[in-house]
Amino acid sequence: MPGPDKETDLTERIEAFLFDLNRGGSGAGPLRGSAETARETTALLRRITAQARWSSAGDLMEIIRNEGRRMTAAQPSETTVGNMIRRVLKIIREEYARSRGSSEEADQQESLHKLLTSGGVSDENFRQPFAALKPNVIEAINELLTELEGTTDNIAMQALEHIHSNEVIMTIGRSRTVEAFLKDAARKRKFHVIVAECAPFCQGHEMATSLSKAGIETTVITDAAIFAVMSRVNKVIIGTQTVLANGGLRAVNGTHTLALAAKHHSTPLIVCAPMFKLSPQVRRLSFLSDFYRYCEILSKVNVHCPVFDYVPPELITLFISNIGGHAPSYIYRLMSELYHPEDHEL
Amino acid sequence: REKQLVEYFRAQMRKDPDMASAVAAIRTLLEFLKRDKGETILGLRESLKWATDCLTGEDSSVAVSSGGELFLRFISLTSLEHQDLSRCKKVMEERGELFLEKISMSRTKVAKLCHTFIKDGAKILTHSYSRVVLRVLEKAAAEKKRFSVYVTESQPDSAGRQMAEALRKLNVPVTVVLDAAVGYVLEKVDLVIVGAEGVVESGGIINKIGTYQMAVCSKAHNKPFYVVAESFKFVRLYPLNQQDVPDKFKYKADTLKTVQNLSEEHPMIDYTPPSLITLLFTDLGVLTPSAVSDELIKLYL
């Protein structure tokens, strides 16, 4: 029977995805970039929309929220999963509002204006069933997938405006976005790149090899040499794991040092981050407890190996995303366009 | 008529000392609206403006002024939808009650957002007596977090001691420090949380005198400076420095009425620019200072 088969197929796929996420975090499974994770999450959500049993938008949102909670619990450091879930939830809300015929999509946000003018209890419980909702939502998710596929190219297209001839650019570790960005600029300009190796995983080495294969003059330096070399650098271009709601970053360890050195020398710090990395979380005074991985090599020695750094928004000059360049103080606005406030906590 | 109005306002403040002065002002204005015998919407607006002026004459804080302006805006927006006065008044009364209900929940919303930023073992510095900060700390204590608080004495009215009393009742370890000791104590502190009497368009705040000092010191020590405020405190002012804040907010209402030479008086409030503020916690969400002007634009334009 097609019914139960589809459901078991769906649950199997979700379980496989969760398993992969879990393994990927502990380093045992396939290391995937965040773009792939985002794409796979969105494809899975599209499958859930198509195959799961739901009759109204409210039901679908509940299902997605539940699955979403499980996915984020499987790998909390991979924030793109949560971001994609929130995007899809916002898509569902918009399509529902459109089906109901209400023209005020912007009315969904809390604001002083809304406080004053709302006539009654504005509880949308999304219970009305609409036949056209399913195909509309699936079409919107397809548009989201197309957007995701084009992000790296969109960012790389802006490279020529920011990189000029004979410049010295510094970067850290390995970021696929920055790699594409630099390679695109290298087609028309000649410049020099300095890569900080980013111990202990030393992803900087792979980045340097890849860039030099594209014909870019590259130098690898140790993390300790960042400050010393900074005086000769014109621009710092980095990628990041997550962009936080206050305009700060959660990026690979060593980025905060790089940012402080750049601030000291008044070197502009440019962050290339696609929109799916934007997360509604704000950095709390975390004492870095969520950023650590512990490695015990000797019995009496504990080695603290932080995976990520927090970079405050004051150190960042510009964000380059697939929709253009923005100042860190503008990030809150992009957030309100991508996510609905009620979805901030899944 | 003026005396009746002021009496009602004072009664509201006395009845519930925990209520924000802006909420009391809005309640008074709503009552005034209900009792108003005017025949035209324009007349209604005029009398409401007069009522707001009376109230600011009684309590010159920024919050009362912003509450009054918000109410006036509320009237204008509603009157645009309904042309007929009696129908309009009915709608206004309904919405007014709803509005009051919503804003009485705002402190709870703020507390819910902010308490997660207080970690176990945190040392918090706060300034003077703020009911919103008290509510946030109450919520954090209810979530079984252990933290300790330093409160500045906040002269000239020693409001900080009131805050310390309230915190002791919650079994929170609290120390009262001199206003001059802010720089001294900041190295021990993990975060600074203050309330606000008004949030201005630039994202800065107007608060009890001494707040600006605290903000400058926390910036120097690299400690996060958080502001907790309800959204009805957003006011359409854009001061560029301390002198730009209008005199009518700086001094108490009685002082303004009686004293001739204001330059001899000590101001009760100061302005903290947005560059010193890390985040603002409001019932509209966690905002960066740059997001505040967006909210105000959405309302007033």
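Residues numbered from 1 in each chain as written. Chains lettered and ligands numbered in written order. Predicted model: local features only at pLDDT ≥ 70, side-chain atom pairs only at ≥ 80, totals over all residues. Heavy atoms only, no water.

Chemist: Let's hear about the overall build of chain A: which residues, and what values?
Modeler: Of regular secondary structure, chain A possesses twelve helices and twelve strands. Looking at chain A residue by residue over its 346 residues, the buried ones come to 51%. Look at the contacts in chain A between residues 6 or more apart in sequence, and 79% of them connect residues 24 or more apart. (Helix = DSSP H or I, 4+ residues; strand = E, 2+ residues; numbered from the N terminus. Buried < 20%, exposed > 50% of the residue type's maximum accessible area, 1.4 Å probe, protein only. Contact = heavy atoms within 4.5 Å.)

Chemist: For the nonpolar core, give the residues involved together with the corresponding values.
Modeler: By size, the foremost hydrophobic cluster in this structure holds 63 residues, and its most contacted members are Phe-71 and Leu-125 of chain B. With nine residues, helix H2 (residues 21–35) of chain B is the single largest residue contributor to this core. Residue assignment places this core across two domains, with domain 1 (1–106) and domain 2 (110–300) of chain B each supplying three or more. Beyond its immediate stretch of four places on either side in the chain, Leu-125 of chain B contacts Tyr-150, Val-182, Val-185, Leu-186, Val-189, Leu-191, Val-192, Ile-193 and Met-214 of chain B. Listed in part, the 62 residues of the second largest apolar core include Phe-319 and Leu-338 of chain A together with Val-149 and Phe-281 of chain B. (Core = buried A, V, L, I, M, F, W, Y, C linked by side-chain atoms within 4.5 Å. Domains from an automatic or database assignment.)

Chemist: Give a description of empty space enclosed by the protein that names residues and reports values.
Modeler: Residue and element names in this part refer to chain A. Per the stated rule, a full pass over the model turns up one cavity of 30 Å³ or more. By volume, the largest cavity is sized at about 40 Å³. Taken together, Val-243, Ala-273, Pro-274, Met-275, Leu-278, Phe-319, Ser-321 and Ile-331 form the lining of the largest cavity. (1 Å grid on protein atoms, 1.4 Å probe; cavity = no way out; pocket = protein on both sides within 12 Å on 5 of 7 lines; lining within 4 Å. Points joined across faces, edges and corners; volume = space filled by probe spheres on them.)

Chemist: Outline the domain arrangement of chain B, supporting the account with residue identities and numerical values.
Modeler: Residue and element names in this part refer to chain B. In terms of domain boundaries, chain B breaks down into domain 1 (1–106) and domain 2 (110–300). Using only C-alpha atoms to locate each centre, domain 1 and domain 2 end up separated by 26 Å. Contacts between the two partners involve 23 residues from domain 1, matched on the other side by 23 residues from domain 2. Across the domain 1 to domain 2 interface the summed buried area is about 1800 Å²; carbon plus sulfur atoms make up 57%. If you look at where domain 1 meets domain 2, you find zero salt bridges. Secondary-structure elements contributing two or more residues to the side of domain 1 that touches domain 2 are H2, helix H3 (41–58) and helix H4 (62–81). Counting residues per element, the side of domain 1 that touches domain 2 draws most heavily on H4, which supplies eight residues. When its residues are assigned to classes, the side of domain 1 that touches domain 2 shows nine nonpolar, nine polar and five charged. (Buried area = accessible area lost by both parts, 1.4 Å probe. Salt bridge = Lys/Arg side-chain N within 4 Å of Asp/Glu carboxyl O. Nonpolar A, V, L, I, M, F, W, Y, C, P; charged D, E, K, R; others polar.)

Chemist: Kindly report on helix H2 (residues 34–51) of chain A, identifying the contributing residues and their values.
Modeler: The end-to-end C-alpha distance of H2 of chain A is 25 Å, a good match for the 26 Å that 18 residues give at a rise of 1.5 Å each. For H2 of chain A, the set of buried residues is Ser-34, Ala-35, Thr-37, Ala-38, Thr-41, Thr-42, Leu-44, Leu-45, Ile-48, Thr-49 and Gln-51 of chain A. (Expected span 1.5 Å × (residues − 1).)

Chemist: Tell me about the sheet that holds strand S5 (residues 198–199) of chain B, and name the residues and values.
Modeler: Residue and element names in this part refer to chain B. Spatially, S5-S6-S8 is the arrangement adopted by the three strands of the open sheet, whose pairing is antiparallel. Looking at strand neighbours, the two that pair on one side only are S5 and strand S8 (269–272), the edges of this open sheet. Examined bridge by bridge, strand S6 (residues 205–208) and S8 share four bridges and lie antiparallel to one another. Across the sheet, residue Ile-205 finds its bridge partner in S8, namely Thr-272. This element, helix H10 (residues 211–221), spans S6 and S8 of the sheet and lies at about 30° to S8. (Pairing = 2+ DSSP bridges. Axes fitted to C-alpha atoms, helices over the stretch in contact; angles between N-to-C directions.)

Chemist: Account for the domain arrangement of chain A, naming residues and giving values.
Modeler: Residues and elements named next belong to chain A. Taken domain by domain, chain A comprises domain 1 (4–103 + 125–148) and domain 2 (153–343). A separation of 28 Å is found between the C-alpha centroids of domain 1 and domain 2. At the surface where domain 1 touches domain 2, the tally comes to three salt bridges. Residue Glu-342 pairs with Arg-93 through a salt bridge whose shortest N-O separation is 3.7 Å. For the pair domain 1 and domain 2, the interface holds seven residue pairs in polar contact (both at pLDDT 80 or more). Broken down by secondary-structure element, the contributors of at least two residues to the side of domain 1 that touches domain 2 are H2, helix H4 (79–100) and helix H6 (133–157). A total of nine residues in the side of domain 1 that touches domain 2 trace back to one element, the largest contributor, which is H4. Each residue belonging to the side of domain 1 that touches domain 2 can be placed in one class, and the counts come to five nonpolar, seven polar and seven charged. (Polar contact = N/O pair within 3.5 Å; in protein donor to acceptor, adjacent residues only side chain to side chain.)

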